[in-house]
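# Coordinate analysis (summary)
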Amino acid sequence: MRVLVTGGAGYIGSHCVKRLGELGYEVLTIDNLSNGNKWAVLYGELKVVDLSDTAKVREILKNFNPDAVIHFAASIVVPESVKNPIKYYKNNTENTLNLLKNLIELDIKNFIFSSTAAVYGIPDTVPVKETDPLNPINPYGRSKAMVEQILQDLSNAYGLKYVSLRYFNVAGADPEGKIGQAYRESTHLITRALKAAKGEIPYIEIYGTDYPTTDGTCIRDYIHVSDLIDAHLIALKYLLDNGQSDVFNCGYGHGYSVKEVIYAVKKVTGIDFKVIEADRRPGDPPRLVADSTKIKEKLNWGPKYDDLEFIIKTAWQWEKTIS
Ligand code: UDP
């Protein structure tokens, strides 16, 4: 079974490539290395290509002739998307549309899409369900929601089969310690807190302490990257077994506040780093927690690492190995 992974040199993509390789899938990665690393691709070949090079992508697809494509490659920083929306509509929406056009022309039918909880915007009810309205509040979320709409239309028109996975807050690292998050500049809470613990940054800021939550800081549903990859493998099997196109939340169904996460990072690392209370960051919903009933019931997915301290422990183990 052949699987092509876009963004396979990045944080989540590299964990997927590792798992696919371990399970004996033939895997090929396309990555432009803008935020990925060659060393992170532990199985199969890496083609360093930008998805905007549609002719090159087409040639690779044609030669490899995958049974499925898992599409991670994307720009993912919310504040950057507010400042530079064109980058997001180009990298996330336009490049995905071009990729899909190639898949349809080459009759490659199975597609797994990295969507995001950001498509919900500020949900009216939490935990949020797949059927709740999509009201993204920033260009990042909109660039992904547009792809979800495109996928529905292409699935209806051309018989493309897809699973869209809406990631909540992905964190942690490969429990074997071989790979982890290695962004040039990470904006994510757990990684930044660990960098503060390591002394790589002088302090961490809490973006907003006046939210309508119990301690005033934002609540997120943190999911271990290995559990998220399980969801991809299950979705892949589901599509290959002729499952119909569908959308699933990927989260644990409960959340932690920024303050709770920082407390847990201090506990796991044993380091009391400096924390500063700062203004809100634009584009942050107060609470974002998944209703994960659908993926549990329909795909039989179940979390193995639903434990914030374990998530932080694996991320810390990884963080200590990188400069
Ligand atoms: N956050 C924070 N300080 C940081 C990074 C993040 O207070 O240095 C907050 C952020 O405002 C949000 C939560 O932590 O409420 C999770 O942010 P992250 O960037 O990790 O993920 P997001 O929810 O934006 O996808």
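To keep things clear, this report deals only with the structure shown in the data block. These numbers come from a predicted model, not from an experiment. (Residues numbered from 1 in each chain as written. Predicted model: local features only at pLDDT ≥ 70, side-chain atom pairs only at ≥ 80, totals over all residues. Heavy atoms only, no water.)

## As for the sheet that holds strand 6 (residues 161-167)
Pairing within the open sheet is parallel, and its seven strands lie in the order 3-2-1-4-5-6-11. The sheet is open, and its two borders are formed by strand 3 (45-48) and strand 11 (246-250), each paired with just one other strand. Shown here is a sheet whose adjacent strand axes are inclined to one another by a mean of 20°, direction ignored. Sheet analysis places strand 4 (residues 68-71) next to strand 5 (residues 110-116), joined by four bridges and oriented parallel. Residue pairing in the sheet places Ile70 in a bridge with Ile112 of strand 5. Each of strand 5, strand 6 and strand 11 is contacted by helix 5 (residues 139-158), which is oriented at about 155° to strand 5, the strand it contacts most. (Pairing = 2+ DSSP bridges. Helix = DSSP H or I, 4+ residues; strand = E, 2+ residues; numbered from the N terminus. Axes fitted to C-alpha atoms, helices over the stretch in contact; angles between N-to-C directions. Contact = heavy atoms within 4.5 Å.)

## As for the nonpolar core
Ile12, Leu20, Leu165 and Ile190 are the most contacted members of the largest nonpolar core, which has 62 residues in total. When residues in this core are grouped by element, the largest group, nine residues, is from helix 7 (residues 225-240). Apart from residues lying up to four places away in sequence, Leu20 is in contact with Val3, Val5, Tyr25, Val27, Ile70, Leu233 and Leu236. One finds Val69, Leu100, Ile108 and Leu154 within the second-largest nonpolar core, a separate group that totals 24 residues. (Core = buried A, V, L, I, M, F, W, Y, C linked by side-chain atoms within 4.5 Å. Buried < 20%, exposed > 50% of the residue type's maximum accessible area, 1.4 Å probe, protein only.)

## Comments concerning the environment of Thr187
Counting through the fold element by element, Thr187 comes out in the loop between strand 7 (169-171) and helix 6 (189-198). Sequence separation of Thr187 and Ile76 is 111 residues, and the distance between their C-alpha atoms is 9.8 Å. In contact with Thr187, other than residues within four places in its own chain, are Val77, Arg192 and Arg281.

## Regarding the packing of aromatic side chains
Summed over the entire model, instances satisfying the criterion amount to five aromatic pairs. The ring of Tyr211 carries the charged tip of Arg280 above its face, separated from the ring centre by 4.0 Å. The aromatic ring of Phe248 is capped on one face by Lys294, whose charged end is 5.0 Å from the ring centroid. (Phe/Tyr/Trp six-rings, centres within 6.5 Å; stacked < 30°, edge-to-face > 60°. Lys NZ or Arg CZ within 6 Å of the ring centre and 35° of its normal.)

## Comments concerning unusual backbone geometry
In this structure, the amide linkage connecting Val126 to the following residue, Pro127, adopts the cis form with an omega of 0°. Structurally, Pro127 can be placed in the loop between strand 5 and helix 5. Even without glycine at this site, Asp107 takes up a positive phi of about 60°. Here Asp107 is to be found in the loop between helix 4 (85-105) and strand 5. If you check the backbone angles, Asn300 has positive phi at about 65° while not being a glycine.

## Some words on empty space enclosed by the protein
Tallied over the full model, the rule gives one cavity of 30 Å³ or more. Taken as a whole, the largest cavity spans an internal volume of roughly 50 Å³. Lining of the largest cavity is provided by Ala9, Gly10, Tyr11, Ser14, Asn35, Gly36, Asn37, Trp39, Ala40, Gly180, Ala182 and Tyr183. The residue inventory of the lining of the largest cavity, partitioned by class, reads six nonpolar, six polar and no charged. (1 Å grid on protein atoms, 1.4 Å probe; cavity = no way out; pocket = protein on both sides within 12 Å on 5 of 7 lines; lining within 4 Å. Points joined across faces, edges and corners; volume = space filled by probe spheres on them. Nonpolar A, V, L, I, M, F, W, Y, C, P; charged D, E, K, R; others polar.)

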